[in-house]
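Overview (structure and organization)
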Amino acid sequence: MMLEPSIDDLQKTIKSKYTLVTIAAKRAHELQHTNNVLVDSKSNKYVGQALDEIHAGKLFVKDDSK
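Residues numbered from 1 in each chain as written. Predicted model: local features only at pLDDT ≥ 70, side-chain atom pairs only at ≥ 80, totals over all residues. Heavy atoms only, no water.

As recorded in an unreviewed UniProt entry, the protein goes by DNA-directed RNA polymerase subunit omega and comes from Lentibacillus halophilus. Per UniProt, the protein carries the Sequence similarities (unreviewed entry) text "Belongs to the RNA polymerase subunit omega family." Recorded under Catalytic activity (unreviewed entry), the UniProt text for the protein is reproduced unchanged: "RNA(n) + a ribonucleoside 5'-triphosphate = RNA(n+1) + diphosphate". (UniProt positions renumbered as here; feature names shortened; annotations may be inferred.)

Encoded structure:
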């Protein structure tokens, strides 16, 4: 079974797996309460919708390094 989007594709946007999981979980929790999805998603699950948003570039990590 292939997961879409793949972890490799997601890590092009967010390098750290830990950060990726944390952002997806927080966004899934937000979606559970608001159902305000930023992109058309194939998934009917909140985590899948959050991952689709990350893949589409709607969610990202602000780079604080200088």
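Moving on to the layout of surface pockets. When its volume is computed, the largest pocket comes out at roughly 220 Å³. Taken together, Leu 3, Glu 4, Pro 5, Ser 6, Ile 7, Leu 10, Leu 20, Lys 42, Ser 43, Gly 48, Leu 51 and Asp 52 make up the full set of residues lining the largest pocket. Residue assignment for the lining of the largest pocket shows that the elements contributing at least two residues are helix H1 (7–13) and helix H3 (46–55). The element best represented in the lining of the largest pocket is H3, accounting for 3 residues. Its residues assigned to classes, the lining of the largest pocket shows 6 nonpolar, 3 polar and 3 charged. (1 Å grid on protein atoms, 1.4 Å probe; cavity = no way out; pocket = protein on both sides within 12 Å on 5 of 7 lines; lining within 4 Å. Points joined across faces, edges and corners; volume = space filled by probe spheres on them. Helix = DSSP H or I, 4+ residues; strand = E, 2+ residues; numbered from the N terminus. Nonpolar A, V, L, I, M, F, W, Y, C, P; charged D, E, K, R; others polar.)

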